[in-house]
Amino acid sequence: MKQAAAKMVLVQQDWIEGDTMIRQPIITVLGHVDHGKTLLLDKVRGTAIAEKEAGAITQHIGATEVPLDVIKRIASHLLEQYGFKATIPGLLFIDTPGHEAFTSLRERGGSIADLAVVVIDITQGVQPQTIEAIDILKSFKTPFIVAANKIDLLHEWVSKEGDFSKNLKEQSEKAGKEMDEKIYSLVGKLFELDFQSERFDRCKDFTKQVPIVPLSAKTGEGLPELLMLLTGLSQRFLQKRLEISEAEAGKGTIIEVKEERGLGKTIDVILYDGMISVNDSIVLGASSGIIETKVRALLKPKPLREIRESGDKFNSVREVHAACGVKIAAPNLENTLAGAPIAVVKTGKEREAIERELASIRIETESVGAVLRADTLGALEALTVLLKKEGLKAKKADVGNIAKADVMEASSVREKDELKGVIFGFNVKVEEGVLEEAEKQGVKIFLGNVVYKLLEDYSAWVDELREQRKKEKLGRLTMPVKLRFLSNCTFRRSKPAVVGMKVLEGKIKPGIKLMNEKGKIVGQVSGIEVRNESIEQASKGQEAAFSITGGVVGRNLKENDVFFAFILKSQFPELESGDLLDEEEKVLLFQIKEIEKEMKEAEDE
């Protein structure tokens, strides 16, 4: 943590000059899906955003300001106890999604964060997305605190609102032991990830140990300790990084583009550097390239309100300083891209810097790929990351609603590969006539507002389609089979012969021609019965009565003889490729092929 802070301080000191002020530290909240990130922030701000989130998983980067007076009201006694003197104006939380699908969004969040909270469900421990979140923080050298959430679910623990430290003293010995076991399990996992850690009240050196705060986002227990540590550690180790010059040009990231009554198109921005004023010229990323416009109005969220809310929860201001979440109203914002950078024009070089940043997040495409539509750049990147894991790249990726042109694009891909000729729409609408056109062209459209669920739906559809195609193939191909004529099981000698046989390998349906071990066809299976009931298929190990047209017991059908399915030469390539056969069936197919080959050679002689 100390090294990370030291490195970041040097970066900030390069541009500090003249009058300086201390900004709020930017806190990023990361973790595995459903481990309680949004619910934790909910407890802080007293709103119900978590209940509104699609699939209970945050989809966009959001921001919440927690002023110092609120922190002091909750945790002043703890700040004093641990020797932290708080002078920062408050904390600014960025709530970034925890699922691995949102790597790009999280990296954007992580890159501008001063401190992070990694939320871990104490009952589940470290999960794949937890490790991914920690790796991201490590790559950006961002110090973090672990919030061991859901202690209210521990069997012996009695959780209640307030200090964890105080509640700990009231727990049973059994509850204390269970808590220690869970904490030290986390300590062990973090050690494997190259981090020393300890429960916060046992930390001897915050520069070397990652503090673990046991808490419950449901009851509020442990929240005072978390706020105390975030405030105290920011104050003690990041003060130089938090100093900003009042004259520095503002820089930020656009998190959402919205239509607001009376204002038109607006953009929600996380300002992480400098300041923005009304009438400032700004440059920002758009689908058409770079837009330059002038700030008409600045709306700053009132303390303890989520920036995604609207209405009277915002204050109109003349200027804002980092770090904060701000809504900007300006002309010509129609094509603005959520997830793109924004900067105040001061030196004239800002446009080039934004062009470079936009170029770095271009999505790789290929000629045979899916069509992607999303409401933000971050969501497009997230879809791309997950699609790659499914072995699917994008042919076209754009921000905006799904149009007929997208269907035609996907249809052309479908002609080459039906699994790739599809459309994904995240948090977007379908324009008029699109669904009808898609049905006509046979193009599948996946719609939703939870990114990873879209990919789950796609994966299930692919499995279903492959199974359907496999069944279609199996219906027209002769599967390899090996049978033995059982002793004393002749029920009719001929026209047709009905005999008892055991399936030694493979499976067989009526209609299959049988050959003997020399490759000579002995007849065709016209029916299969078990206990006087017809069955559609007999599989390995099964004994059944077989009706064989053309077969005559004693002539071409003899007890204990072994028979095989006769397979047309043209069918071997299809049976040999793909996943139609298991390993045993492939060996049997080779044996049948060799028998037929020897038979053909003998005939040619």
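Presented here is a report on the structure given in the accompanying data block.

Quick notes on the rules
- Residues numbered from 1 in each chain as written.
- Predicted model: local features only at pLDDT ≥ 70, side-chain atom pairs only at ≥ 80, totals over all residues.
- Heavy atoms only, no water.
- Helix = DSSP H or I, 4+ residues; strand = E, 2+ residues; numbered from the N terminus.
- Areas by Shrake-Rupley, 256 points an atom, 1.4 Å probe, with all protein chains shown as cover.
- Salt bridge = Lys/Arg side-chain N within 4 Å of Asp/Glu carboxyl O.
- Buried < 20%, exposed > 50% of the residue type's maximum accessible area, 1.4 Å probe, protein only.
- Expected span 1.5 Å × (residues − 1).
- Core = buried A, V, L, I, M, F, W, Y, C linked by side-chain atoms within 4.5 Å.
- Contact = heavy atoms within 4.5 Å.
- Patch = residues over 30% accessible without salt bridge, like charges linked within 9 Å, V, L, I, M, F, W, Y side chains within 5 Å.
- Lys, Arg positive; Asp, Glu negative; His and termini not counted.
- Charge placed at Lys NZ, Arg CZ, Asp CG, Glu CD.
- Pairing = 2+ DSSP bridges.
- Axes fitted to C-alpha atoms, helices over the stretch in contact; angles between N-to-C directions.
- Phe/Tyr/Trp six-rings, centres within 6.5 Å; stacked < 30°, edge-to-face > 60°.
- Lys NZ or Arg CZ within 6 Å of the ring centre and 35° of its normal.
- Parallel < 35°, antiparallel > 145°, perpendicular 65-115°, else oblique.
- Left-handed = near helix turned anticlockwise from the far one by under 90°.
- Nonpolar A, V, L, I, M, F, W, Y, C, P; charged D, E, K, R; others polar.

## Brief notes about the overall build of the chain
Moving on, step 1. If you tally the helices and strands in the chain, you get 17 helices and 31 strands.
Moving on, step 2. For the chain, the exposed area adds up to about 28,000 Å²; of that, 46% sits on carbon and sulfur atoms.

## Structural notes on the pattern of salt bridges
Between side chains of opposite charge, a pair can form as their charged atoms come close.
Moving on, step 1. For the coordinates displayed, the defined rule picks out 23 salt bridges.
Moving on, step 2. Across the salt bridge formed by Asp114 and Arg23, the nearest N and O atoms sit 2.7 Å from each other. Of this pair, Asp114 sits in the loop between helix H5 (103-111) and strand S5 (115-121) while Arg23 sits in the loop between strand S1 (20-22) and strand S2 (26-31), and the two are 91 residues apart along the sequence.
Moving on, step 3. Relative accessible area serves as the criterion here: at 0%, Asp114 is assigned to the buried category.
Moving on, step 4. A relative accessible area of 3% means that Arg23 is categorised as buried.
Moving on, step 5. Among the ionic pairs, Lys396 bridges to Asp406, the shortest N-O distance being 2.6 Å. With Lys396 in strand S21 (residues 394-399) and Asp406 in helix H13 (residues 404-414), the pair connects residues that are 10 residues apart, well separated along the chain.

## With respect to helix H9 (residues 223-237)
Moving on, step 1. The end-to-end C-alpha distance of H9 is 21 Å, a good match for the 21 Å that 15 residues give at a rise of 1.5 Å each.
Moving on, step 2. Extensive coverage of H9 is indicated by the burial of 13 of its 15 residues.

## Digging into the nonpolar core
Moving on, step 1. Residues Leu40, Phe93, Phe144, Leu229 and Leu230 are the most contacted members of the largest nonpolar core, which totals 63 residues.
Moving on, step 2. Per element, the largest residue contribution to this core is seven residues, and it comes from H9.
Moving on, step 3. Look past the residues within four positions of Leu229 in its chain and what remains in contact with it is Phe84, Ile145, Phe200, Phe206, Pro211, Val213 and Ser234.

## As for a negative patch on the surface
Moving on, step 1. Negative charge collects at one region of the surface, where Glu390, Asp463, Glu467 and Asp579 lie side by side.
Moving on, step 2. Structurally, the position occupied by Glu467 is in helix H15 (residues 451-476).
Moving on, step 3. According to the relative accessible area criterion, Glu467 is partly exposed, its value standing at 40%.

## Side note on the sheet that holds strand S20 (residues 365-374)
Moving on, step 1. One open sheet accounts for four strands, arranged S21-S20-S22-S23; its pairing is parallel. In this open sheet, the two strands that pair with only one neighbour each are S21 and strand S23 (444-448). If you compare each strand with its neighbour and ignore which way they point, the axes differ by 25° on average.
Moving on, step 2. Strand direction decides the pairing type here: S20 and strand S22 (residues 422-426), joined by four bridges, are parallel. Looking at S22, one finds that Val371 is bridged to Ile423.
Moving on, step 3. Packed onto the sheet, H13 meets S20, S21 and S22 and runs at close to 150° relative to S20.

## Some details on helix H6 (residues 128-139)
Because an α-helix completes one turn every 3.6 residues, residues spaced three or four positions apart along the sequence face the same direction.
Moving on, step 1. For H6, built from 12 residues, the straight-helix expectation of 16 Å at 1.5 Å per residue is met to within 8% by its first-to-last C-alpha distance of 17 Å.
Moving on, step 2. Among all positions in H6, only Gln129, Thr130, Glu132, Ala133, Ile134, Ile136 and Leu137 are buried.
Moving on, step 3. In the segment just after H6, Lys141 is the residue with positive phi, at about 55°.

## Observations regarding the packing of aromatic side chains
Moving on, step 1. Enumeration over the complete set of coordinates arrives at 10 aromatic pairs.
Moving on, step 2. Note on Phe144 and Phe195: the rings are 5.0 Å apart at their centroids and 75° apart in plane angle, and the pair reads as edge-to-face. Taken together, the residues span a long stretch of sequence, with Phe144 in strand S6 (residues 144-149) and Phe195 in the loop between helix H8 (173-192) and strand S7 (197-199) at a distance of 51 residues. The pair formed by Phe144 and Phe195 is uniform in burial state, with each residue classed as buried.
Moving on, step 3. Where Phe424 meets Phe446, the ring centres are 5.3 Å apart and the plane angle is 20°; that geometry is what we call stacked. Here Phe424 is found in strand S22, whereas its partner Phe446 is found in strand S23, with 22 residues between them in sequence.
Moving on, step 4. Here Phe446 falls in the buried class, since its relative accessible area comes to 5%.
Moving on, step 5. By the ring-pair criterion, three or more aromatic residues cluster together here, those being Tyr82, Trp157, Phe164 and Phe200.
Moving on, step 6. The aromatic ring of Phe446 is capped on one face by Lys444, whose charged end is 5.7 Å from the ring centroid.

## Description of the packing of H13 against helix H14 (residues 434-441)
Moving on, step 1. Between H13 and H14, the shortest axis-to-axis distance is 9 Å and the interhelical angle comes to 15°. On the basis of the axis angle, H13 is roughly parallel to H14. Considering only the axes of H13 and H14, their crossing is right-handed. Touching Lys404, Val407, Met408, Ser411 and Arg414 of H13 are Val434, Glu437, Ala438 and Gln441, all from H14.
Moving on, step 2. Considered class by class, the residues forming the contact of H13 with H14 number four nonpolar, two polar and three charged.

## Some points on the environment of Phe546
Moving on, step 1. You can see Phe546 is positioned in strand S30 (residues 543-549).
Moving on, step 2. The exposure class of Phe546 is buried, given its relative accessible area of 0%.
Moving on, step 3. As for Phe546 and Phe485, which are separated by 61 residues in sequence, their C-alpha atoms are 9.7 Å apart.
Moving on, step 4. Phe546 has contacts with Leu483, Ala497, Val498, Val499, Met501, Val503, Ile508, Val525, Gly527, Ile528 and Ala538, leaving out every residue within four places of it along the chain.

## Topic: the packing of helix H4 (residues 68-81) against H9
Moving on, step 1. Two elements in contact, H4 and H9, have axes whose closest approach is 8 Å; the angle formed by their N-to-C orientations is 100°. Between H4 and H9, the interaxial angle falls into the category roughly perpendicular. Together, Leu68, Ile71, Ile74, Ala75, Leu78 and Leu79 of H4 and Pro224, Glu225, Leu227, Met228, Thr231 and Gly232 of H9 make up the contact between the two elements.
Moving on, step 2. In terms of residue class, the contact of H4 with H9 is made up of nine nonpolar, two polar and one charged.

## Considering the pairing of strand S27 (residues 521-530)
Side-chain direction in a regular strand flips from residue to residue, so the side chains alternate between the two faces of the sheet.
Moving on, step 1. One ladder, built from three bridges, connects strand S26 (residues 513-515) with S27; its direction is antiparallel. Within S27, the residue paired with Lys513 across the bridge is Gln524.
Moving on, step 2. Note: S27 against S30, five bridges, orientation antiparallel. Paired with Gly527 across the strands is Ser547, a residue of S30.
Moving on, step 3. For S27 and strand S28 (residues 533-534), the ladder comprises two bridges, and the chain directions are antiparallel.

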